[in-house]
Amino acid sequence: MTRVGPRSPLRSLVAHPILTAVLAILGILAGIAAARSIPLTYTAEARLAVVSATNDAYSIPGYPLAARELAADYSRWVQNNATGGAWAPPGSVSVSASPIPDSAVIRVEVGGRSPEQATQGAQQVSATLLKTVAGAQAQHDPQRAFRDFSRQAPGVALARAQLQQAETTYNRAIGAGASASRIRAAGSVVQKARVKLAELELKQNAAASLYQRLYSDTQGASTLKQIVPAAPVGTPERTAQMRFGVLGAAAGLFCALLLAVALDRRRDRRRGGEPVSPTVAPIAPADSQHSTGAMATAPTAAAGPGPGPRPDAKAPRSHLREHAPDRRAEADTR
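Model, not experiment: these values are computed from the prediction.

On to the pattern of salt bridges. Summed over all chains, the structure comprises 7 salt bridges. A salt bridge links Arg-160 to Glu-201; the nearest nitrogen and oxygen atoms lie 2.9 Å apart. Placement of Arg-160 in helix α5 (residues 142-175) and of Glu-201 in helix α6 (residues 180-215) is noted, with a sequence separation of 41 residues between them. By relative accessible area, Arg-160 is classed as partly exposed at 39%. With relative accessibility at 25%, the residue Glu-201 sits in the partly exposed group. Across the pair Glu-167 and Arg-194 runs a salt bridge whose closest N-O atoms are separated by 3.3 Å. Note that Glu-167 is positioned in helix α5 and Arg-194 in helix α6, a separation of 27 residues in sequence. Residues joined by salt bridges that share partners form a network here, namely Glu-45, Arg-47 and Arg-107.

Let us look at unusual backbone geometry. The phi torsion at Asp-102 lies on the positive side, around 60°, for a residue other than glycine. Along the polypeptide, Asp-102 turns up in the loop between β3 (94-99) and β4 (105-112).

We now examine the pairing of strand β2 (residues 42-52). Looking at chain direction, β2 and β4 are connected through 8 bridges and run antiparallel. Bridge pairing in β4 places Ala-49 opposite Val-105. Across 9 bridges, β2 lies against strand β5 (residues 222-233) in antiparallel orientation. Considered in β5, the bridge of Val-51 is made with Thr-223.

Now for the side chain of Ser-75. As for its placement among the helices and strands, Ser-75 is situated in helix α3 (residues 63-84). On the accessibility criterion, Ser-75 (2% relative accessible area) is buried. Excluding its chain neighbours within four sequence positions, the residues that come into contact with Ser-75 are Ala-97, Ser-98, Pro-99 and Ile-106.

On to a positive patch on the surface. Where like charges cluster on the molecular surface, the positive patch consists of Arg-265, Arg-266, Arg-269 and Arg-270. Mapped onto the secondary structure, Arg-269 falls in helix α8 (residues 236-270).

Looking now at the sheet that holds β5. Taken in spatial order, the 4 strands of this open sheet run β3-β4-β2-β5, and their pairing is antiparallel. The two strands at the open ends of the sheet, each matched to only one other strand, are β3 and β5. The average undirected angle you get between the axes of adjacent strands in this sheet is 20°. Across the sheet, α3 lies against β2, β3, β4 and β5, angled at about 170° from β3, the strand it touches most.

What follows deals with the nonpolar core. Formed by 25 residues in total, the largest nonpolar core has its most connected members in Val-50, Tyr-74, Val-78, Ile-106, Leu-129 and Leu-224. Among the elements of the structure, β2, α3, β3, β4, α4 (115-138) and β5 are those that each provide at least two residues to this core. Here this core takes 7 residues from α3, the largest share from any one element. Once residues within four sequence positions are removed from consideration, Ile-106 is found in contact with Ala-46, Arg-47, Leu-48, Ala-71, Tyr-74, Ser-75, Ala-97, Ser-98, Pro-99 and Leu-224. Ala-159, Ala-166, Val-190 and Leu-197 belong to the second-largest nonpolar core, a separate cluster that totals 8 residues.

This part takes up helix α2 (residues 17-37). The terminal C-alpha atoms of α2, which comprises 21 residues, lie 30 Å apart, in line with the 30 Å expected from a rise of 1.5 Å per residue. Taken residue by residue, α2 has Thr-20, Ala-24, Gly-27, Gly-31 and Ala-35 as its buried positions. Buried residues of α2, seen end-on, are gathered within an arc of 70° and therefore sit on one face of the element. In this structure, α2 carries Ile-18, Leu-29, Arg-36 and Ser-37 as exposed residues pointing more than 90 degrees from its buried face. On its buried side, α2 packs onto α1 (9-14) and α8.

Calculation notes
Residues numbered from 1 in each chain as written. Predicted model: local features only at pLDDT ≥ 70, side-chain atom pairs only at ≥ 80, totals over all residues. Heavy atoms only, no water. Salt bridge = Lys/Arg side-chain N within 4 Å of Asp/Glu carboxyl O. Helix = DSSP H or I, 4+ residues; strand = E, 2+ residues; numbered from the N terminus. Buried < 20%, exposed > 50% of the residue type's maximum accessible area, 1.4 Å probe, protein only. Pairing = 2+ DSSP bridges. Contact = heavy atoms within 4.5 Å. Patch = residues over 30% accessible without salt bridge, like charges linked within 9 Å, V, L, I, M, F, W, Y side chains within 5 Å. Areas by Shrake-Rupley, 256 points an atom, 1.4 Å probe, with all protein chains shown as cover. Lys, Arg positive; Asp, Glu negative; His and termini not counted. Charge placed at Lys NZ, Arg CZ, Asp CG, Glu CD. Axes fitted to C-alpha atoms, helices over the stretch in contact; angles between N-to-C directions. Core = buried A, V, L, I, M, F, W, Y, C linked by side-chain atoms within 4.5 Å. Expected span 1.5 Å × (residues − 1). Arc of directions from axis to C-beta.

Given below as structure tokens:
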């Protein structure tokens, strides 16, 4: 007889299907209950895009790439101000902004303890960014520079006309042989007219240069516009329940594995050891079998019929063949 080792843990688990199913279901229910008890973070998202402020914006070389870089700059504005707490809405958990790859669209995300709080926070951050960009664009508006240039034009034209008149008066005084004092006075008027014209032309040229620079500037030719209003995204309740449910099922299966192994070992101990499996005993040599048979035959014959084998039972042929020479030797001796 040989002994067989205990079951493997997986076989023990399979051998107790009801226990495994019950503990797995209990683990799932416990995980769902835990997911409902913890505070969740809801996220709301708003999207803004860098769009052209004029119809001529796309005529600027490299405008699409520059618009993407501008979107990245605006996203960093949000990140920096949110980190410092300036743009963080009251009660918000997190504030972030990032450009969507290969586009000029900005994604603004705000986390809160409720969907309404997150939505209001995302809308507030979007409005703050729009206001900030509008204030910065006021300093980079090419139309504003053009208006400044236009306001300088009448003064420059008038100063030019005054200079021409002063030069004409001066030339006439010299041609008419006027007195030296009169010529000096006319020359002084010409000098003042030239200085005034130079000042006005300098301002006008500055306005013209600013207009040319801002006209080809991406920030001046672009504006920020909200294309998607703030709205909640995702389902944190379902996500948390699925995640905690899977963890609970895994914990339940692990507990079922430990309990199944413990039950199998306890059952084996109650049976007095490990289970055994019957095997065929090896055949002893001929001499030992004969001596053993002779010793066992005498008590059986003396005791009479009993629960042992019947006298007329036939032995196996192999056993008869092995003991045939011994019987002949006994007969000769007698």
